[in-house]
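# Structure at a glance
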Amino acid sequence: MPKKLTFKQCLVHLWGFLKDHRVKLLTGLFLVLVMQVIYAVMPSIEGMITTQLQLDVTQMAKGVPGAHIQMNVIVRILLMLLGVYLIKITSQLVSAFLLTDSIQKTMEDIRDAIEKKINRLPVSYFDAQETGDLLSRITNDVETVSNALQQTLSRVIGAVCTFVFVSIMMCTINLVMTLMVYVALPVIAMISFGFVKKSQPLFDTQQQSLADLNATINELYSGFNEIVIYDQQEKAKDRFQKANEAMRESGFKALFLSGLIGPTTSLVTYVTIGCVALYGCLQVLAGVITLGQLQAFIRYIWNINDPIAQLSQLSNQVQSAFSAMNRLFTFLDMDEVMDTQGEPFHEPIRTIDFERVRFGYGQEPLMRDVNIHVEAGQTIAIVGPTGAGKTTLTNLLLRFYEIGGGAIKINGRDIRTMSYHDLRDLFGLVLQDAWLFEDTIEQNLKYGRHEALRCEVVEGAKQANVHHYIRTLSNGYDSLINESGSNISQGEKQLLTIARALIKDPKILILDEATSSVDTRLEKRLQSAMDVVMRNRTSFVIAHRLSTIVNADLILVMQHGDIVESGTHEALLEKGGEYAKLYNAQFAQE
């Protein structure tokens with residue numbers, strides 16, 4: 001995992017996504033600037049009414065001939081205020097639309113980038129990463145950044161602009177009173193930065209706790225049936241409560257500490273307001289400033305307190321967004337699998353060779369010197385105990401993992417010189433855990449070859465012994481499979497995946513213990529379908545039930561990552577080695 005990014009690096013990454021929508025974004029921010037200018041001018045215009053009334057009343061009290069309340073002047077000021085209010089409201093509406101549109105499109109781009117990143121990461125990443133943590137990045141972290149930009153960006157910029165413009169207006173009224181306000185600002189800044197520094201690590205922990213909670217929920221609900229069957233509800237509940245409590249504790253610490261910023265800075269602000277108001281009254285009595293100016297200045301004190309309070313209140317959102325951006329952009333910065341841009345492969349399969357192949361997970365070696373030669377059309381069975389390296393062997397053939405030494409060749413060509421698309425386009429895969437998508441049966445069957453016609457789909461289903469079953473469904477090939485495929489039995493799912501492989505018509509087929517989780521009756525149907533799909537096709541069969549691979553052209557017996565025996569079924573039985581022990585033990589159990 002890449003190292004943690006700084007706040008500046010996160011902003012640089014974020015701008016990389018925002019810049020595509022910069023016209024709307026910058027226009028929206030410009031209108032925020034317009035609103036803050038108006039916000040700074042409004043108290044002075046309102047003070048003009050008070051000043052005019054004070055002047056008219058004073059002249060009337062002195063008995064000045066013709067003195068009266070000049071309503072025409074006051075009405076002109078009110079009309080000026082009305083125009084200013086209308087400009088402010090219009091700017092606010094247009095700004096909200098532009099910012100929302102640009103930010104939501106940016107979030108869409110980030111989600112697209114994550115999706116593309118997922119497809120470029122090595123399989124080893126997903127083996128080591130919890131699904132819930134990945135889901136948390138795509139959903140919670142993106143949403144946290146979205147909320148921060150949507151609710152916080154304009155407010156932070158508005159707060160800064162308000163502070164600057166209001167400070168200028170305050171200086172035009174009375175410099176000494178303005179300096180009195182400025183004295184308190186370093187104190188407020190030190191308090192705010194102190195709390196932010198202490199609370200930022202807590203927000204990082206909170207974001208990670210949320211990912212852990214999602215991972216826990218995902219795992220518990222994925223294995224819900226097992227939890228109920230083994231009566232482990234209390235244990236599952238305790239595990240959830242532990243993750244939930246960790247989330248609560250980290251959230252409380254982060255939000256409580258950051259929440260102290262507002263009250264402490266407000267205390268300093270209120271003391272400052274009291275001192276400035278007292279001095280301002282003395283200035284009015286001395287005739288240095290007018291009553292309307294004092295009114296405007298008091299409004300400005302409140303106005304300058306608002307951005308300080310807002311920045312304090314928004315600090316927790318900014319910190320949460322920073323933690324979320326860190327997780328998002330460190331993920332997007334991860335090393336990708338670099339595809340090979342080799343010559344296209346369009347040849348018929350002649351040979352497949354493993355030549356002195358070495359491989360290990362991490363620093364632990366698994367395969368030390370694997371050599372296999374396969375001729376076109378042969379069926380290669382791979383057997384051995386759990387953890388022997390059977391699936392790893394086919395994963396290396398598919399380049400899900402890169403070998404540590406030696407070479408794997410197809411027709412004498414090293415597969416590392418082939419693009420992933422060209423290589424994997426040669427293969428069809430049928431796994432023990434049959435996976436179907438939430439879509440119609442037809443679309444699932446066409447997953448490996450989207451351009452397949454309905455007649456080709458039906459023919460593939462017939463050869464896989466699943467056409468009759470599909471016809472019994474109310475909507476036939478248009479029947480929907482639900483999210484987990486639970487509305488179809490395990491055996492039918494396996495037959496559908498075999499049909500899917502048939503429709504793709506791959507040159508090489510991999511069957512990974514495809515019959516290990518079904519009963520004997522279904523095994524016969526599956527075996528019949530597998531015989532059809534393997535006919536005249538180079539096939540690798542990882543077998544649990546050895547009775548299904550007795551007709552294989554070559555059987556490889558693996559232990560601890562190495563091939564300890566190889567040969568036909570009869571030859572290996574006659575040899576009386578590891579394969580004979582496995583076969584006789586299984587036969588005795590049956």
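Residues numbered from 1 in each chain as written. Predicted model: local features only at pLDDT ≥ 70, side-chain atom pairs only at ≥ 80, totals over all residues. Heavy atoms only, no water.

Using the criterion set out here, one finds 17 salt bridges in the structure. Note that Lys-253 is salt-bridged to Glu-249, the shortest N-O span being 3.1 Å. One end of the pair is Lys-253 and the other is Glu-249, both in helix H8 (residues 233–259) and four residues apart, which spans about a single turn. Residue classification places Lys-253 among the partly exposed positions, given a relative accessible area of 42%. Taking relative accessible area as the criterion, Glu-249 reaches 36% and is therefore assigned partly exposed. For the salt bridge of Glu-402 with Arg-399, the shortest nitrogen-to-oxygen distance reads 2.7 Å. For Glu-402, a relative accessible area of 36% translates into the label partly exposed. (Salt bridge = Lys/Arg side-chain N within 4 Å of Asp/Glu carboxyl O. Helix = DSSP H or I, 4+ residues; strand = E, 2+ residues; numbered from the N terminus. Buried < 20%, exposed > 50% of the residue type's maximum accessible area, 1.4 Å probe, protein only.)

Position of Ser-102 relative to the elements: it lies in helix H3 (residues 71–120). Among the polar contacts listed, one links the side chain of Ser-102 to the backbone oxygen of Leu-99, at a separation of 3.1 Å. Excluding residues that lie within four positions of it along the chain, Ser-102 makes contacts with His-21, Lys-24 and Leu-25. (Polar contact = N/O pair within 3.5 Å; in protein donor to acceptor, adjacent residues only side chain to side chain. Contact = heavy atoms within 4.5 Å.)

What follows covers the packing of aromatic side chains. In the structure shown here, the tally under the stated rule is eight aromatic pairs. Clustering of aromatic rings is evident, with ring pairs tying together Phe-359, Tyr-361 and Tyr-401. (Phe/Tyr/Trp six-rings, centres within 6.5 Å; stacked < 30°, edge-to-face > 60°.)

You will see that Asp-505, though not glycine, has its phi angle at about 60°, which is positive. As for its position among the elements, Asp-505 is in the loop between helix H16 (490–504) and strand S7 (508–512). On the basis of relative accessible area, Asp-505 is assigned to the exposed category, the value being 52%. Positive phi, close to 55°, is recorded for Asn-536, a residue that is not glycine.

Here the focus is a nonpolar patch on the surface. A cluster of nonpolar side chains, Met-71, Val-75, Leu-79, Leu-82 and Leu-86, forms an exposed patch at the surface whose accessible area comes to about 470 Å². Take Val-75: it is sitting in helix H3. (Patch = residues over 30% accessible without salt bridge, like charges linked within 9 Å, V, L, I, M, F, W, Y side chains within 5 Å. Areas by Shrake-Rupley, 256 points an atom, 1.4 Å probe, with all protein chains shown as cover.)

It is worth spelling out the sheet that holds S7 at this point. The six strands lie next to each other as S6-S7-S8-S3-S9-S10, forming an open sheet whose pairing is mixed. Edge positions in the open sheet fall to strand S6 (427–430) and strand S10 (562–567), since each of these has one partner strand only. Geometrically, the sheet is characterised by an average inter-axis angle of 20° between neighbouring strands, direction not taken into account. In terms of strand pairing, S6 meets S7 through four bridges, oriented parallel. (Pairing = 2+ DSSP bridges. Axes fitted to C-alpha atoms, helices over the stretch in contact; angles between N-to-C directions.)

With that settled, the discussion passes to the packing of helix H2 (residues 22–61) against H3. Their axes nearest at 8 Å, the elements H2 and H3 cross at an angle of 160°. What the angle tells us is that H2 and H3 run roughly antiparallel. The two elements H2 and H3 meet at a crossing, and its hand is left-handed. Of the residues contributing to the contact of H2 with H3, the split by class is 25 nonpolar, seven polar and five charged. (Parallel < 35°, antiparallel > 145°, perpendicular 65-115°, else oblique. Left-handed = near helix turned anticlockwise from the far one by under 90°. Nonpolar A, V, L, I, M, F, W, Y, C, P; charged D, E, K, R; others polar.)

For the rest of this paragraph, the subject is the sheet that holds strand S2 (residues 364–375). Taken in spatial order, the four strands make up an open sheet running S2-S1-S4-S5, and their pairing is antiparallel. Two strands bound the open sheet, and with one partner strand each, they are S2 and strand S5 (413–414). Its contacts with the sheet place helix H11 (residues 390–397) against strand S1 (351–361), S2 and strand S4 (405–410), and it is angled at close to 115° to S1.

Our focus in this paragraph is the nonpolar core. Counting residues in hydrophobic clusters, the biggest one holds 42 residues, and the most contacted among them are Leu-445, Val-466, Ile-470, Leu-496, Ile-549, Ile-555 and Tyr-579. Apart from residues lying up to four places away in sequence, Tyr-579 is in contact with Val-383, Leu-546, Ile-549, Ile-555, Val-557, Glu-565, His-569, Leu-572 and Leu-573. Judged by nonpolar contacts, the second largest core, of 34 residues, contains Val-370, Val-374, Ile-403 and Ile-542. (Core = buried A, V, L, I, M, F, W, Y, C linked by side-chain atoms within 4.5 Å.)

With that settled, consider the pairing of S1. With eight bridges joining them, S1 and S2 adopt antiparallel strand pairing. Opposite Phe-354, over in S2, you have Ile-372 as the bridge partner. A loop of two residues connects S1 with S2, the two strands running antiparallel in sequence, and Gly-362 in this loop sits at a positive phi of about 70°. Summarising the sheet, S1 and S4 pair through five bridges and their orientation is antiparallel. If you follow Glu-355 over to S4, its bridge partner there is Ala-407.

So, on to the pairing of strand S3 (residues 379–383). Counted residue by residue, S3 has five buried out of five residues, so it is predominantly covered. When S3 meets strand S8 (residues 538–542), the two strands line up parallel, connected through four bridges. Directly across from Ile-382, in S8, lies its bridge partner Ile-542. Of the pairings in the sheet, the one linking S3 to strand S9 (residues 554–559) comprises four bridges and is parallel in character. Among the inter-strand pairings, Ala-381 is bridged to a residue of S9, identified as Ile-555.

Here we come to the state of the cysteines. Counting across every chain of the model gives zero disulfides. Of all cysteine sulfurs in the structure, the one in Cys-161 sits closest to Cys-171, which takes part in no disulfide; the separation is 17 Å. Accessibility expressed as a relative area gives 33% for Cys-171, which makes it partly exposed. (Disulfide = S-S within 2.5 Å.)

Per-chain confidence: the protein averages 82 in pLDDT, with 93% of residues scoring 70 or above. For the protein, helix H7 (residues 224–229) is the element with the lowest average pLDDT, namely 64, and S4 is the one with the highest, namely 93. (pLDDT = per-residue confidence, 0-100.)

In an α-helix, one turn spans 3.6 residues, which is why side chains three or four residues apart end up on the same side. Listing the buried residues of helix H14 (residues 454–463) in full gives Val-457, Val-458, Gly-460 and Ala-461. Buried residues along H14 cover an arc of 160° about the axis, so they all sit on one side. Residues of H14 that are buried make contact with helix H13 (441–445), helix H15 (467–472) and H16. Just downstream of H14, Asn-465 is the residue with a positive phi angle, here 60°. (Arc of directions from axis to C-beta.)

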